[in-house]
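# Reading the structure
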Amino acid sequence: MRTFGCWLLIIGLLIGCTAPTTVPAPPDIAKGTDALTIDLRATNPELIMCQQTDLVATLRNLGTTNIERGLYTFIIEDQVLKPVTGTNRKKLFDLEGRSQYNPQGGIEQTTLKVKNTALPPQIETYQTPIILQACYQYETLASAPICIDPDVLGKNPAKPCTVAPVSVGGQGAPVAVTRIEPTMAPAGNDIRPTFTIYLQNLGSGRVVSAPDVESACTTTTTTLNPTVEIAAFLQNRPLRCTQREVRLEQGKEARIACESEQTYGPAQGTFSSILEVEITYGYINTASQSLTINRLPGQERCPP
Amino acid sequence: MTLMKKSALSLILLSFLLACQAPTSGQSPQPQEFRSGTQGLDLQYVANLPPPRLFDRDQVNIMLQVENRGTAPLGGGADRIYLSGFDPTIITGIGTDGLPIPPLEPRSAFVSQGGRDTISWRGQIRSLTDKRIDKYTPLLLATACYTYETTATAQVCLDPNPYQATSQQKVCTASGVGLGSQGAPIAITNVDVQPQPQRTRFIITITNSGGGTVYKYGTQYLNKCSPYSAGLAFDEVDFVQLSDITILGRSIKQSCKGLDRDGHLRLTSGTGQLFCEVDLNEQSAFLSPLTITLRYGYRQSIPKPLEIRAVP
């Protein structure tokens, strides 16, 4: 009994004296440069002539914007592969983005059953590509900490923040605001904050204008405009930008200047705030795999 | 044996009585030397007010402890503390007028700790979740603007005949006096004494030792100290006002050089020098207290980083 009591005491002390745990912070959601990721596989990548296989695509939305009425298309070589009756090559899809309620993002799996119909004569082995192309509208909501400082003469040396360029990391979308350069432009006795916003496509896909996104997956047009629509806000008020649409070339940074319609005077003091940037665009992601079709000795053609 | 035990016990008791004797009369407690230190107002954020991390749509409570660690009265009147650095559209309910500093008694010879009080603000945090913003990290800045006073007394040697050839020993030799600090952010660090026949000149060195910003004394300058004002101009900052300088029972302020027409002395790189002189009618050297009083406005700030996170 005494031994049991001693053990109870020791255990009680150990439990009571455990190191205090701090409440973990909620995870940051608005990060990363991915939107839709596609994992494309064939259940049987080495196919015997005239056989069929399943093409399985796993779509995952790793960005922070919900995909609504996105469209994906399986692209196969029609001369050698044909979808089995009843399976659809094109389909609309919706996928929820990451959020604090759903930190993993939405996930969907789709399958297309295809059958080899023929091989070119005297070809023993043939490699054919299978491609899944997804087109969808997306949005980047970027927020960056900036400093509003009406004291351009530096009369007050003790300031809570300093006006300086801000590098912004990924915001949970492929088109990202890479950096912001603020300027406190004099406007009489006040200042008018002006921001040069740099953006770039950091994802693995292609940017198209939002109105062109459906035709990108349904037509064979090659003239797609890589433009995005941009709007900026400061303290819930829209900024006046030099242009509303920006052309975003692959691998290149685009630049836009926006200024606040409201001016700030000494009465507002120096303070840190958040610059919000909304970018709307269409995006195309593509995944491809290679399928090998082998002809068995003696095989001539496939039955109808 | 019993007798021996009793004797030992008596000896022990006697030792205790001798050791615990009350102090003899004449040893009354001495007033402490209180005019030291370079702090006026001390500002501290009360622990966890605010906590390092808050969540949107919550209330935010900010509390500052203020203490007068100097030797001049502080607070009341136009002395105020302001809170700045945050976006008022995200943290609402905190005004730009600041809050008055309550009257705080100074330290003195018999009061070793100055007056202490608290000042608090309450605000409301707006939603960040609606804008898909993960966090907002402002740096809160509490800025105190107040007027203060420095009083220093130096025992200086006045020698009306410094170059006289005499075998008579002098009471003192005119030389500089180092003063250190006087329980205020502006310190009179040194008084250099330059004796001349029938006249003695003083070179008084004044230093801003408090770590804050000193500016001209006056209500109009106090209002400009606010972080929500146009700010103090270059000709208003780094000035102290000579309130008075006395020796031999009379003021010698009129003799002082280096002052502007309002009696302000400019500090350059935190230091300034004042040149004053006194005419002497005495015949021999003697010691006399030189008392200098300065008035000025003072600004000091204390930051507090804050993290506000969005919650679903």
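What counts, and where the lines are drawn
Residues numbered from 1 in each chain as written. Chains lettered and ligands numbered in written order. Predicted model: local features only at pLDDT ≥ 70, side-chain atom pairs only at ≥ 80, totals over all residues. Heavy atoms only, no water. Contact = heavy atoms within 4.5 Å. Buried area = accessible area lost by both parts, 1.4 Å probe. Salt bridge = Lys/Arg side-chain N within 4 Å of Asp/Glu carboxyl O. Polar contact = N/O pair within 3.5 Å; in protein donor to acceptor, adjacent residues only side chain to side chain. Phe/Tyr/Trp six-rings, centres within 6.5 Å; stacked < 30°, edge-to-face > 60°. Buried < 20%, exposed > 50% of the residue type's maximum accessible area, 1.4 Å probe, protein only. Lys NZ or Arg CZ within 6 Å of the ring centre and 35° of its normal. Disulfide = S-S within 2.5 Å. Helix = DSSP H or I, 4+ residues; strand = E, 2+ residues; numbered from the N terminus.

## Looking at the interface of chain B and chain A
Counting residues at the interface gives 31 residues for chain B and 33 residues for chain A. Between chain B and chain A, roughly 2,600 Å² of surface is buried when both sides are summed, and carbon and sulfur atoms account for 49% of that area. The interface formed by chain B and chain A contains zero salt bridges. Where chain B packs against chain A, one counts five residue pairs in polar contact (both at pLDDT 80 or more).

## Notes on the packing of aromatic side chains
Scanning all chains against the criterion turns up 10 aromatic pairs over all chains. Geometrically, the ring pair formed by Tyr72 of chain A and Phe74 of chain A is edge-to-face, given 6.1 Å between the ring centres and 85° between the ring planes. One exposure class covers both Tyr72 of chain A and Phe74 of chain A, and it is buried. Seen in terms of ring centroids, Tyr281 of chain A and Tyr283 of chain A are 6.2 Å apart; in terms of plane orientation they differ by 70°. Their pairing is edge-to-face. Judged by its relative accessible area of 0%, Tyr281 of chain A falls in the buried class. We note Lys216 of chain B situated over the ring of Phe239 of chain B; from NZ or CZ to the ring centre the distance is 4.7 Å.

## Let's talk about the state of the cysteines
Taken as a whole and judged by the stated rule, the model has seven disulfides over all chains. The disulfide bridge from Cys50 of chain A ends at Cys302 of chain A, spanning 2.0 Å between sulfur atoms. Between Cys50 of chain A and Cys302 of chain A the sulfur-sulfur dihedral comes to about -95°; the bridge is accordingly left-handed. With Cys50 of chain A in the loop between β2 (46-48) and β3 (52-61) and Cys302 of chain A in the segment after β18 (271-294), the pair connects residues that are 252 residues apart, well separated along the chain. Owing to a relative accessible area of 14%, Cys50 of chain A belongs among the buried residues under this scheme. Take Cys302 of chain A: its relative accessible area is 14%, and that puts it in the buried class. Linked covalently through their sulfurs, Cys157 of chain B and Cys172 of chain B form a disulfide whose S-S length is 1.9 Å. With the S-S dihedral at roughly 80°, the linkage between Cys157 of chain B and Cys172 of chain B falls on the right-handed side. Of this pair, Cys157 of chain B sits in strand β9 (residues 139-158) while Cys172 of chain B is found in the loop between β9 and β10 (177-178), placing the two residues 15 residues apart along the sequence. Accessibility classification places Cys157 of chain B together with Cys172 of chain B in one group, the buried group.

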